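# Structural features, examined
Okay, here's what each chain looks like letter by letter:
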Amino acid sequence: MAVSHRLSAYVLFLLLPLVHSQGCSVNNAKPVVRENNSAGLVVTNITKAAGITVTISPTADGNCFSIRDTELILSCSLDYEKQGIYILTLLCTEGNVQVYSLEVIVTVSNLNDNSPVFKQPNFTVNVPEDTRVNAIVLSSDRVSATDLDQDTIYYELRGTTPEATEFFNIQGVNNPGIYLLKALDYDKNKSMQLVLLARDRAPGSADTNTANATITINIQQADTKPPWFLPCKPVAMSSKVCLNTGYIGRINISEQTMEPLNLKPGPLYAIDPDYTLNEKIVYSIIEGNTDDVFLLNYDTGNLTMNKAVNTPETFILHVMATQANSIEKYALTTVEIKVINRSIHAPYFEHVNYTGTVSTGLIRNSLVMEAGAPSTPLKIFAADDDFPNKINPHITYSIQNSSDFTVTQDGLVLTNSVLSSAMKITMLATAIDLASLQEASTIITIEVIPPKGTTLPTTTITVTAGTGSTTTTTARTGLTTTTTARTGPTTTTTAGTGPTTTTTAGTGPTITIIAGTGHTTTSTAGTRLTATTAAGTGPSTISKPPGSSSVFPPKLTTTTSGAGSGPTQPTTSSVSKTVNTASISGPTGKPTSGTASGPVTHPATTKPSITHSTKIPTGPSESGTTDPTLSGTSPPGGGVVQPTALTPSQTGGSGPHSTLTAVASGPPRPSDPMTPQTSFTKSHQTDVNKKMSDYKYTAQDMGILGGTLAALLILALFFLGFIFYKVHRNSVTTISKRKVYK
């Protein structure tokens, strides 16, 4: 019986935990929680019987958890990088007696919430320019990034300096070691900058965190180049080679100079082109120093003489420059020294300064003209008193500081390019005696100007008399001439690239300029239009019948008058014209306007040339002053206005005269007078003679014509005689026979 009671108690003891476990349990003993969740998140649910109390065993892992009713919740945010697994013990008690315990294992899942991190944001590395290709310049352990999320890191190299990625690259997408792709050149690239990117996902993936580091690579110059003799010309295929064409020098026969020889194009001198290293250069003559005439300084390269040379000959010295620290780095050049007779006089320029002009837009190799003589080419000359005529055939000329001009060996200055804008250029010209290497220099100043007819300063000439007409001539880039008479026509001539003339008639074809106590008005319109006003004491009128083609033969009509009491007499010059003339006269001293006595025809296609001439008699003008003599030009075929001042003596009158004369602008001729003070009569006659040359036959032409006509006449007489013989042959034969019989 006792045994049975003990057995029953033992079975009850074994079954008690089972009963209590059924009254205290969790629905998930191994929950998984994502990191970074906020407090209050339910981790798992608890099931308990009535009267059972559940608590969390006080351990370190249980500090971030709590029980709310029948729920196990978070009381703080979990971080996978700090702790990934939490083990909790839940205690189930009834009253004060613990009847059961539950173990809950909470796993924290990792999120990609951290970016890769480099050890430092900037890296600097010095790389010698002679570093071999494929060499590692920055190891991976120095530039690797880390990620707290334990993700695999992917790398990418980008160049801030555009060509940087042509020289450097990383060893692999997961290996950030940087190596050299191709050879460096310090002269081309002294520093490069790159950016190394680190990602925690493969390129192109979403949800990627990225970090970057700046990498600066400084290229250090290495001793890679041999010495260079100066001056030298770089070889296009290599930046390490620079060729020197040699040196030349002159010494006088039977003379020994103690000073270093003057050489061209400069002293014998070599440098180390690896200038940051600047290794010492030493010099030596390796060939050509016959009889040891010359001595070359080992350190400086100065060339001196050991002895005099008594025969005219030429020495060709082969000189070597070597780096003191490496004989394998050397350069060679030649020095040509000629022994010549002593030159007593050095060449010299006859002028300290030369001045010239040239127009814009001319083709290359156009002549520059002298500033004071536009028809004479500018020529420089260096004299040498060692020659009887001062002409040294060994002298050559060159321009030192301008590429826009060049000079021939005869001294003519030419353009070396097309000059597009007006400017003034000052340059240095040198003359070198190739025999003695003596030289001289001078200054050349050339003014580049726009072509004639394109740009001139504005000039306005206005003559006003009484209350009548005003004549205004204005010259700008082209020609504009405006003459207005109040009741007469308005004539306007405008030139852009060339003159264009428009003639508009008002109430009558009258162009009037009045001064003094009387006037003469001539108005002419046709293929060419001439308007002349002269002042006197009485009116003078030139007119034509209505409908006639011309009041004079087709010649240019010029009316001139001085201060006198008689009418103005017309004079003619032989320039072919076709004119229509209308004239109006009025009271003395007043402007006159009116209607022409006959109709005036203005052809639509005619572009008349206009000449306005005004002469004012002796005495003050209406404004109380005496007007100076003025002239302006309005050429019929294009050109520009050229105002010319005339003195009273040149106009032929006793008082001041105002003249506005049309003269075409063009290049000067050798026969043209150079003085600007040319009288109206001479300049007018010159133009008339020039134009008449287009219409006259020369003596040679007349001789050829006469000979041709004589030959034709002889042929005609021969032909007539032949016809006469054919027609009257029988009659002539009969008459001849009769004479014979008699």
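My aim in this report is to walk through the structure given alongside it, one point at a time. Quick caveat, the model's predicted, so the values are computed rather than measured.

The next subject is the overall build of the protein. Regarding its fold elements, the protein presents seven helices and 50 strands. For the protein, with 742 residues in total, the buried portion stands at 38%. Considering only contacts within the protein whose residues lie at least 6 apart along the sequence, 61% involve residues at least 24 apart. Taken as a whole, the protein presents about 40,700 Å² of accessible surface, with 56% of it coming from carbon and sulfur.

Turning our eyes to something else, we now look at the layout of surface pockets. There is about 490 Å³ of room inside the second largest pocket. Among the elements that make up the lining of the second largest pocket, the one with the highest residue count is strand S21 (residues 247-252) (three residues). Of the residues belonging to the lining of the second largest pocket, the class tally is six nonpolar, seven polar and five charged. Taken together, domain 3 (228-340) and domain 4 (347-449) each give at least three residues to the lining of the second largest pocket, which thus spans both.

For the rest of this paragraph, the subject is the pattern of salt bridges. Scanning the model with the defined rule gives eleven salt bridges in all. In this structure, Glu-156 and Arg-199 form a salt bridge, with 2.9 Å as the shortest nitrogen-oxygen distance. In this pair, Glu-156 sits in strand S13 (residues 154-159) while Arg-199 sits in strand S16 (residues 191-199), placing the two residues 43 residues apart along the sequence. Judged by relative accessible area, which is 15%, Arg-199 ranks as buried. A salt bridge links Glu-166 to Lys-182; the shortest N-O distance between them is 3.6 Å. Placement of the pair is Glu-166 in helix H3 (residues 164-167) and Lys-182 in the loop between strand S15 (175-180) and S16, with a sequence separation of 16 residues. Here Glu-166 falls in the partly exposed class, since its relative accessible area comes to 46%.

This brings us to the sheet that holds strand S30 (residues 353-359). Taken in spatial order, the five strands make up an open sheet running S31-S30-S37-S36-S33, and their pairing is mixed. Each edge of the sheet is formed by a strand with only one pairing partner; in this case those strands are strand S31 (369-370) and strand S33 (395-399). Where S30 lies against S31, two bridges are found, and the strand directions are antiparallel. Note on S31: the bridge partner recorded for Gly-356 is Glu-370.

A few words now on the nonpolar core. Of all hydrophobic cores here, the largest spans 28 residues; its most connected members are Phe-118, Tyr-155, Phe-168, Ile-178, Leu-184, Leu-196 and Ile-217. Of all the secondary-structure elements, those providing two or more residues to this core are strand S10 (122-128), strand S11 (136-138), S13, H3, strand S14 (168-172), S15, S16 and strand S17 (210-220). The element best represented in this core is S17, accounting for five residues. When neighbours within four sequence positions are excluded, Phe-168 is seen to be in contact with Val-137, Leu-157, Ile-178, Tyr-179, Leu-180, Leu-181, Leu-184, Met-192, Leu-194 and Ile-217. Among the nonpolar cores identified, the runner-up in size contains 23 residues, and Tyr-247, Ile-281, Phe-294 and Val-319 belong to it.

As a further point, take the sheet that holds S16. Within the open sheet, the four strands sit side by side as S10-S17-S16-S13. Their pairing is mixed. Looking along the sheet, the strands with just one partner apiece sit at the ends: S10 and S13. Averaged over all adjacent pairs, the angle separating strand axes in this sheet is 25°, with direction ignored. Pairing analysis gives seven bridges linking S10 to S17, with the strands arranged parallel. Bridging across to S17, Phe-123 finds its partner in Ile-215.

Glancing now at the state of the cysteines. One pass over the structure, following the stated rule, counts three disulfides. Here Cys-24 is linked by a disulfide to Cys-92, with a sulfur-sulfur distance of 1.5 Å. Here Cys-92 lies in strand S7 (residues 85-94) and Cys-24 lies in strand S1 (residues 24-26), a separation of 68 residues in the sequence. The side chain of Cys-232 participates in a disulfide bridge whose partner is Cys-242; the two sulfur atoms lie 2.0 Å from each other.

What counts and how
Residues numbered from 1 in each chain as written. Predicted model: local features only at pLDDT ≥ 70, side-chain atom pairs only at ≥ 80, totals over all residues. Heavy atoms only, no water. Helix = DSSP H or I, 4+ residues; strand = E, 2+ residues; numbered from the N terminus. Buried < 20%, exposed > 50% of the residue type's maximum accessible area, 1.4 Å probe, protein only. Contact = heavy atoms within 4.5 Å. Areas by Shrake-Rupley, 256 points an atom, 1.4 Å probe, with all protein chains shown as cover. 1 Å grid on protein atoms, 1.4 Å probe; cavity = no way out; pocket = protein on both sides within 12 Å on 5 of 7 lines; lining within 4 Å. Points joined across faces, edges and corners; volume = space filled by probe spheres on them. Nonpolar A, V, L, I, M, F, W, Y, C, P; charged D, E, K, R; others polar. Domains from an automatic or database assignment. Salt bridge = Lys/Arg side-chain N within 4 Å of Asp/Glu carboxyl O. Pairing = 2+ DSSP bridges. Core = buried A, V, L, I, M, F, W, Y, C linked by side-chain atoms within 4.5 Å. Axes fitted to C-alpha atoms, helices over the stretch in contact; angles between N-to-C directions. Disulfide = S-S within 2.5 Å.

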